[in-house]
Amino acid sequence: MSQEQPRRPESGEQNMSTAHLKEQPNPDYNQQKEPIKYGDVFPHVSGELASKPISPQDAAMMQTAENLVLGQTQKGGAAAVMQSAATKNERAGLVGHTDVTDVTADQGVTVAETDAPGRRIISESVAGQVISEYSRPAPLATTTTSAITKDAVTIGEALEAVAITAGDKPVDQSDAAAIQAAEVRATGINATIPGGIAAEAQSAASANARMTNEEEKTTLSDVLKDATSKLTMDKTVTSEDAEGVVSAELRNNPHMATYPGGVAASVAAAARLNQEQ
C-alpha cells in the first residue's frame, strides 16, 4: 500500500509562509522588565527620588506646572521627558494610569523662572531636587503684561490647566464642588452664577451620573478649556484659595481624596508656584 508523500509548497506559498513567520513578534523581544526611574533620565537626581519610577500623574503634575508658569508645555522640558517615560512604564504594565510617586505627591513639583541679562533661567524640580534647568530669551518690553500674568497664576489659568492634565475625566460631584469653590473665590460672589462654569459643571455632573456610556459623558476639558473667559472676574491664586478648593473636592469625594492632576491639585500647584515667586 503506497503512502501519500507530503506535498512541497509552491514557491509562492513558501514565500508567504516565510513572510508570515518573519512578521510574528517575539513576545520576549525588547520587553521592558523594570520601570524607568528618575535616576535613569535625570542624571543629577540622587537619594530616594533616583530609585522611584516615573508615574503618569507625576508627569501630569509637571505638565500643569509648566502650563501655569510658562504658558505651555516645553519641548524637551521636564514634563515632556517625564511623560515619555511614564507612557512607556504604563504600556509595559509597570505603573497604573492614576499612580503617583509617594515623594512627588508629598513634596510636589515646581517650575521657577529667574531673570538674567537678556534671558530667563527656568528651573524644574521634583521633590525639592532640580531635574532640569535651561534658559530662554527674555520677553521684550512690549510683553511685560504677559510676563506679569505668567508670574502670578490666576484661578482661571489653574482651571484651564486641568483641561490638559485631566481633561478626559468625566465631571463628577467632587469636580463640580471644587469648580464652584474656585468660581466663588475668583469672583467674590458667594452663589452659583447662571451660565457660569460652576453651573455648567454641576449640570454636567448630574447628567453624567445618569449615563452608562462613558464616551457620552461631559469631561473636565469640555467645561474648563476656556475657564478664564467664562469667569466674570479672576484673581491670583492664594494658599487660602487652594485650601477652599481642596476642601470642597475632598468633602464631595466618597473616598475623601483629590484627583491627581484635577481641579484641587491644579489650584494647589498654582498657589504653591505663586508663593515661591
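Analysis parameters
Residues numbered from 1 in each chain as written. Predicted model: local features only at pLDDT ≥ 70, side-chain atom pairs only at ≥ 80, totals over all residues. Heavy atoms only, no water. Helix = DSSP H or I, 4+ residues; strand = E, 2+ residues; numbered from the N terminus. Buried < 20%, exposed > 50% of the residue type's maximum accessible area, 1.4 Å probe, protein only. Contact = heavy atoms within 4.5 Å. Areas by Shrake-Rupley, 256 points an atom, 1.4 Å probe, with all protein chains shown as cover. Pairing = 2+ DSSP bridges. Axes fitted to C-alpha atoms, helices over the stretch in contact; angles between N-to-C directions. Phe/Tyr/Trp six-rings, centres within 6.5 Å; stacked < 30°, edge-to-face > 60°. Lys NZ or Arg CZ within 6 Å of the ring centre and 35° of its normal. Salt bridge = Lys/Arg side-chain N within 4 Å of Asp/Glu carboxyl O. pLDDT = per-residue confidence, 0-100. Core = buried A, V, L, I, M, F, W, Y, C linked by side-chain atoms within 4.5 Å.

K.L.:
What exactly am I supposed to notice about the overall build of the protein here?
P.N.:
From N to C terminus, the protein includes 14 helices and three strands. Expressed as a percentage of the 277 residues in the protein, the buried residues total 40%. Summarising the internal contacts of the protein: among those between residues at least 6 apart in sequence, 66% fall at separations of at least 24. Of the roughly 15,300 Å² of accessible surface on the protein, 50% is carried by carbon and sulfur atoms.

K.L.:
Would you explain unusual backbone geometry in this entry?
P.N.:
In most cases, non-glycine residues show a negative phi, while peptide bonds are predominantly trans. A positive phi angle, close to 50°, is found at alanine 127, a residue other than glycine. Looking at where alanine 127 falls in the secondary structure, it is placed in the loop between strand S2 (119–126) and strand S3 (129–137). Phi is positive for methionine 256, which is not a glycine, with a value near 50°. Within the fold, methionine 256 resides in the loop between helix H13 (239–251) and helix H14 (263–276).

K.L.:
Quick question: what am I supposed to make of the sheet that holds S3 here?
P.N.:
The pairing of strands in a sheet comes from backbone hydrogen bonds and takes either a parallel or an antiparallel form. Across the sheet, three strands lie side by side as S1-S2-S3; this open sheet has antiparallel pairing. Either end of the sheet is taken by a strand with one partner, and the two such strands are strand S1 (109–116) and S3. Averaged over all pairs of adjacent strands, the angle between strand axes in this sheet comes to 20°, irrespective of strand direction. Lying over the sheet, helix H4 (residues 56–70) contacts S1, S2 and S3, oriented at roughly 30° with respect to S1.

K.L.:
Can you help me understand the packing of aromatic side chains in this one?
P.N.:
By convention here, two paired aromatic rings are described through the distance between centres and the angle between planes. In total, this model carries one aromatic pair according to the counting rule given. Directly above the aromatic system of tyrosine 259 lies the positively charged group of lysine 169, at a separation of 5.2 Å from the ring centroid.

K.L.:
Mind showing me how you'd approach the pairing of S3 here?
P.N.:
The side chains of a regular strand alternate between both faces of the sheet. Of the pairings in the sheet, the one linking S2 to S3 comprises eight bridges and is antiparallel in character. Along S3, the bridge assignment pairs valine 126 with glutamine 129. Adjacent in sequence and paired antiparallel, S2 and S3 are bridged by two residues, among which alanine 127 carries a positive phi angle near 50°.

K.L.:
Even after reading the chapter, I still don't get the pattern of salt bridges, so can you show me in this structure?
P.N.:
Side-chain pairs of opposite charge can arise where the charged atoms are in close proximity. Counting across every chain of the model gives eight salt bridges. Residue aspartate 102 pairs with lysine 52 through a salt bridge whose shortest N-O separation is 3.4 Å. Taken together, the positions of aspartate 102 in helix H6 (residues 102–107) and lysine 52 in the loop between helix H3 (47–50) and H4 put the pair 50 residues apart, joining distant regions of the chain. By relative accessible area, lysine 52 is classed as buried at 18%. Residues aspartate 241 and lysine 235 are paired through a salt bridge, measuring 2.5 Å at the closest nitrogen-oxygen approach. The class of aspartate 241 is buried, set by a relative accessible area of 4%. Within this structure, Glu48, Lys52 and Asp102 form a network of salt bridges that share partners.

K.L.:
Just checking my understanding: could you explain the pairing of S2 for this structure?
P.N.:
Counting buried residues in S2 gives six out of eight residues, a clear majority hidden from the surface. Hairpin geometry of S1 and S2 is characterised by an intervening segment of two residues between the two adjacent antiparallel strands and by a positive phi of about 75° at glycine 118.

K.L.:
Teacher, can you tell me more about the environment of isoleucine 155 here?
P.N.:
Considering the arrangement of structural elements, one finds isoleucine 155 in helix H8 (residues 155–165). For isoleucine 155, a relative accessible area of 2% gives the class buried. With 115 residues separating them along the chain, isoleucine 155 and alanine 270 place their C-alpha atoms 8.0 Å apart.

K.L.:
What exactly am I supposed to notice about the confidence of the model for the protein here?
P.N.:
Regions with low pLDDT should not have their predicted coordinates read in detail. Per-residue confidence for the protein gives a mean pLDDT of 82; residues scoring 70 or more make up 84%. Contacts for the low-pLDDT stretch residues 11–29, under 50 throughout, to residues beyond four places or in other chains number two contacts. Contacts for the low-pLDDT stretch residues 141–150, under 50 throughout, to residues beyond four places or in other chains number seven contacts.

K.L.:
Can you help me understand the nonpolar core in this one?
P.N.:
Nonpolar side chains in soluble globular proteins generally cluster together in the buried interior. Met62, Met82, Val126, Leu159, Leu224 and Val263 are the most contacted members of the largest nonpolar core, which has 60 residues in total. With near-sequence residues (within four places) excluded, methionine 62 lies in contact with Ala78, Ala79, Met82, Val109, Thr110, Val111, Glu124, Ser125, Val126 and Ile131.

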